[in-house]
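Examination of the molecular architecture
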Amino acid sequence: MFIRTTMFFTLLLCLGAIITAQQEWVPAAGSWEFSGENVLQNDASGKLSRVDIETNEDNFLNVSFTVQYVAGGYSNEQMFEKGEYHAGFGVHLGVEDPLLRTESWGNGDSYLLWINLDTREETRIDNPEHYGLRAQIYKSNSPSSMNLQRSPLIANSDALSSFSVEDYVSIDLVSTIESLSGVNASILDVISYFRPQGVEINMSADLTNGRISIVDPTNPELTFYVSLDPSVLSGNYVSLRTNSVALRFENISVN
């Protein structure tokens, strides 16, 4: 009886170890450090830095963390002096078949909710949909295919089109904050939130209908909603990723 009981508890411990391992962060690219609920991506030059974690949620998913600037965001001191920045970070939701432990442009079948900062003059001229500080949504189809989404709802809405370019899902955050608060702001005013105290990110996804809710980091009483294809959100991985910036993610919760 003692032997059978011991074997039973040993099996439980092994099962628990397997489950825990499945829920650990798996680095794909970048320089990632882990400490409890805190994650540091310490490579300010990495353009496709990413880390993945498996989830067990079937119907509803919550993702929250505080993100804090560490270093990077500009290519050299000359660009910094000119105020030409380029950096970004975001969260892949509903990742199906991620290319684990491998650098890639896309990330399986998923959506990428992305904050993009790009004040380079060539971007303003050639790709205005990326210029400024923007909240964007990308659709990833495979490791090599991912594109900024377009929506006729934006093109057909005077309110939304004033914050975007053409019909791209790429919302000018500075203009949005000015419109909602009535207070004039600049890109530097907004990005100053990222240091030293960091910015709280809270989002929830109803995986049955694709409805995503995102709390406004500058006003916790305000929540934004977006509807995505629920079939794309069926994957069981969530990923953090950064571009050309080192960031600290604290108090991460994925459940």
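Read on for a plain summary of the structure. If you're wondering where the values come from, they're calculated on a predicted model, not measured in any experiment. (Residues numbered from 1 in each chain as written. Predicted model: local features only at pLDDT ≥ 70, side-chain atom pairs only at ≥ 80, totals over all residues. Heavy atoms only, no water.)

Attention now moves to the overall build of the protein chain. For the protein chain, the count of helices and strands is seven helices and 15 strands. Taken over the C-alpha trace, the protein chain has a radius of gyration of 20 Å; the compact-globule value for 255 residues is 18 Å, and the two agree within 12%. C-alpha extents for the protein chain along the principal axes are approximately 75 × 40 × 35 Å. Out of the 255 residues in the protein chain, the part that is buried amounts to 43%. (Helix = DSSP H or I, 4+ residues; strand = E, 2+ residues; numbered from the N terminus. Rg over C-alpha atoms; globule rule 2.2 N^0.38 Å. Buried < 20%, exposed > 50% of the residue type's maximum accessible area, 1.4 Å probe, protein only.)

Let us now look at the side chain of aspartate 172. Along the chain, aspartate 172 falls in strand E10 (residues 170–172). There is no salt bridge for the buried aspartate 172, and the closest opposite charge comes from arginine 134, which lies 4.3 Å off by N-O distance. Apart from the residues lying within four places of it in its own chain, the contact partners of aspartate 172 are Leu133, Arg134 and Phe163. (Lys, Arg positive; Asp, Glu negative; His and termini not counted. Salt bridge = Lys/Arg side-chain N within 4 Å of Asp/Glu carboxyl O. Contact = heavy atoms within 4.5 Å.)

Attention shifts here to the nonpolar core. Ranked by internal contacts, the top residues of the largest apolar core, which has 42 residues, are Val63, Phe65, Val67, Val91, Leu93, Leu240 and Phe249. By size, the runner-up hydrophobic cluster in this structure holds six residues, among which are Leu112, Trp114, Met146 and Leu148. (Core = buried A, V, L, I, M, F, W, Y, C linked by side-chain atoms within 4.5 Å.)

All right, on to the sheet that holds strand E12 (residues 211–215) then. Here seven strands make up an open sheet; going across it, the order is E2-E3-E15-E5-E11-E12-E13 and the pairing antiparallel. Of all strands in the sheet, those bounded by a partner on one side alone are strand E2 (32–35) and strand E13 (223–227). On average, each strand axis in the sheet is inclined to that of its neighbour by 20°, with strand direction left out of account. For strand E5 (residues 60–72) and strand E15 (residues 245–254), the ladder comprises eight bridges, and the chain directions are antiparallel. Note on E15: the bridge partner recorded for tyrosine 69 is leucine 247. (Pairing = 2+ DSSP bridges. Axes fitted to C-alpha atoms, helices over the stretch in contact; angles between N-to-C directions.)

The opening residue of helix H6 (residues 173–181) is aspartate 172, an N-cap whose side-chain oxygen sits 3.1 Å from the backbone nitrogen of valine 174. Where H6 ends, the next residue or the one after it, glycine 182, has phi of about 75°, a positive value. (Polar contact = N/O pair within 3.5 Å; in protein donor to acceptor, adjacent residues only side chain to side chain.)

The next thing to look at is the environment of serine 49. Checked against the element boundaries, serine 49 lands in strand E4 (residues 49–54). Distance in space between the C-alpha atoms of serine 49 and aspartate 229 is 26 Å, their sequence separation being 180 residues.

Taken as a whole and assessed by the stated rule, the structure comprises seven salt bridges. As a salt-bridge pair, lysine 82 and glutamate 84 come within 3.8 Å of each other at their nearest N and O atoms. Residue lysine 82 is classed as exposed on the basis of its relative accessible area, which comes to 51%. The salt bridge involving arginine 124 is made with glutamate 121; its shortest N-O contact spans 2.4 Å. In this pair, arginine 124 and glutamate 121 both sit in helix H3 (residues 121–126), three residues apart, roughly one turn of the helix. Among the charged side chains, a salt-bridge network with shared partners connects Arg150, Glu166 and Asp167.

Looking now at the pairing of strand E14 (residues 237–243). Burial of E14 is extensive: seven of the seven residues sit out of reach of the surface. Taking every second residue as pointing to the same face, both faces of E14 are buried, with Tyr237, Ser239, Arg241 and Asn243 on one and Val238, Leu240 and Thr242 on the other. Bridge count between E4 and E14: six bridges; the pairing is antiparallel. Looking at E14, one finds that aspartate 52 is bridged to serine 239. Summarising the sheet, strand E6 (residues 86–96) and E14 pair through six bridges and their orientation is antiparallel.

Treat this as a map of the structure, not an account of what it does.
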